Amino acid sequence: MPGRTLPTLTKAEVESHNTTKSCYVTIGTNVYDVTDFVESHPGGADLILDYAGKDVAEILKDADSHKHSDSAYEILEESHVAFLVTEKLAPNGKDQKKVADSQINEKVTPSVHPRTGMSCEEDLSKETDYTSDYKQHKFLDLSRPLLLQVWNGGFSKEFYLDQVHRPRHYKGGASAPLFGNFLEPLSLTPWWLVPIIWLPCISYGTYLASQGFENKLGLVAAWVSGVLIWTLVEYILHRCLFHLDDYLPDNRVGITLHFVLHGVHHYLPMDKYRLVMPPTLFVVLATPFWKLAHALFYWNWHLATAVYCGGIFGYVCYDLTHYFLHHQNLPLWYKELKKYHLAHHFLDYELGFGVTSRFWDRVFGTELVTVVKTK
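Every value quoted in this text rests on a predicted model; they were computed, and no experiment measured them. (Residues numbered from 1 in each chain as written. Predicted model: local features only at pLDDT ≥ 70, side-chain atom pairs only at ≥ 80, totals over all residues. Heavy atoms only, no water.)

(A) Looking closely at the packing of aromatic side chains. Tallied over the full model, the rule gives 24 aromatic pairs. With a centroid separation of 6.0 Å and an interplanar angle of 80°, the aromatic rings of Trp-230 and Tyr-315 are classed as edge-to-face. Pair noted here: Trp-230 is in helix α10 (residues 216-242) and Tyr-315 is in helix α13 (residues 301-327), with a separation of 85 residues, a long-range link. Each member of the pair, Trp-230 as well as Tyr-315, is classed as buried. Residue placement shows Arg-144 over the ring face of Tyr-134; its charged tip is 6.0 Å from the ring centre. (Phe/Tyr/Trp six-rings, centres within 6.5 Å; stacked < 30°, edge-to-face > 60°. Helix = DSSP H or I, 4+ residues; strand = E, 2+ residues; numbered from the N terminus. Buried < 20%, exposed > 50% of the residue type's maximum accessible area, 1.4 Å probe, protein only. Lys NZ or Arg CZ within 6 Å of the ring centre and 35° of its normal.)

(B) Spatial organisation of the pairing of strand β4 (residues 80-85). Taken together, the 3 bridges between strand β1 (residues 8-10) and β4 define a ladder with parallel strand orientation. In the sheet register, Thr-8 faces β4, and the bridge partner there is Phe-83. Judged from the 3 bridges that link them, strand β3 (residues 30-33) and β4 form a sheet pairing that is antiparallel. The partner of Tyr-32 across the bridge, within β4, is His-80. (Pairing = 2+ DSSP bridges.)

(C) Quick look at the nonpolar core. Of all hydrophobic cores here, the largest spans 25 residues; its most connected members are Val-194, Trp-198, Trp-230, Phe-282, Tyr-315, Val-316 and Tyr-318. Among the elements that make up this core, the one with the highest residue count is α13 (9 residues). Setting aside residues up to four positions removed in sequence, Val-194 forms contacts with Leu-199, Val-276, Tyr-315, Val-316, Asp-319 and Leu-320. Core analysis: the second largest hydrophobic core is formed by 19 residues, Leu-147, Phe-155, Val-164 and Leu-268 among them. (Core = buried A, V, L, I, M, F, W, Y, C linked by side-chain atoms within 4.5 Å. Contact = heavy atoms within 4.5 Å.)

(D) Geometry of the packing of α10 against α13. Two elements in contact, α10 and α13, have axes separated by 6 Å at closest approach and are oriented at 55°. With respect to α13, the axis of α10 lies oblique. Like other packed secondary-structure pairs, α10 and α13 cross with a definite hand, here right-handed. Residue-level contacts link Leu-219, Ala-222, Trp-223, Gly-226, Val-227, Ile-229, Trp-230, Glu-234 and Phe-242 of α10 to Leu-303, Ala-306, Val-307, Cys-309, Gly-310, Gly-311, Phe-313, Gly-314, Tyr-315 and Tyr-318 of α13. Class assignment for the residues of the contact of α10 with α13 results in 14 nonpolar, 4 polar and 1 charged. (Axes fitted to C-alpha atoms, helices over the stretch in contact; angles between N-to-C directions. Parallel < 35°, antiparallel > 145°, perpendicular 65-115°, else oblique. Left-handed = near helix turned anticlockwise from the far one by under 90°. Nonpolar A, V, L, I, M, F, W, Y, C, P; charged D, E, K, R; others polar.)

Next comes the structure, spelled out in structure tokens:
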């Protein structure tokens, strides 16, 4: 469904493209950039400019004015750049509440959010025709290793961020090639590997920490504190590291690192094997927090270790929750959380950073208001 990843434009935005330097026309709700065709148009440039920013469906059918061949329609199809909407949405809760099913091109999709090109969580699982998608958007070819394409693509930060946050779906949730060589398995992590690897480590660390507590209630308090601290760390990492979009260096090093760390997840959000963190990457990110915990609680190694183990348990709960939100049918409370998190992918990626809960989103004013469908 490559069309679902196209941006959306209001009528006023389309009408502003009415010169030889930038000329858009529409047919119904499809927007076409015909700038390169203005000067070479057989009927003359003025004829196109007369219809710049307007709908050309009728004039194309008018044989008395100018007969158009099939190749004219093929040229238009290759120039399809956006969909026409009645109102452009800004990324904030008030506007999100106003979204209605009838807002957008109902023949293409019942409601398309301009920042992601998606209408609902079901769109995340609709297969992408990756041949057409690459031809149309000139971003990434899902049939070839992605990492080298990002590195060698020469993408601007603006273009990269726009495209990487417009989700694609590869072969029913299979993993598109990232490295395309012997490193590929390192990028794939089944969800069950997380508890298998880290729960024994947490148990052993908690045992070591317990040796320094005469009162086991103190151990429990420290451990639970670590879990609670993790919820804040989860929010900060997701918002300030994984989504540092405004501060991302506009070069291929920054863009590639962003893609590996989190961009690939937004690009292919239903990839079953790139939802939980690979153990090697987790060790890299977790090591500074081990040092931080022992720096903050420098007077008691056992206290620091207990807090840290609680935090790592919080991470395990986070990673498993993240996977289940994407791929499992959940109890009622978790269904609300599932709806909330998936809206972060298809509705607005600059809000809704909490995964295990929306508590810190409410505290810091980044709560994502999900779309309420109206009749």
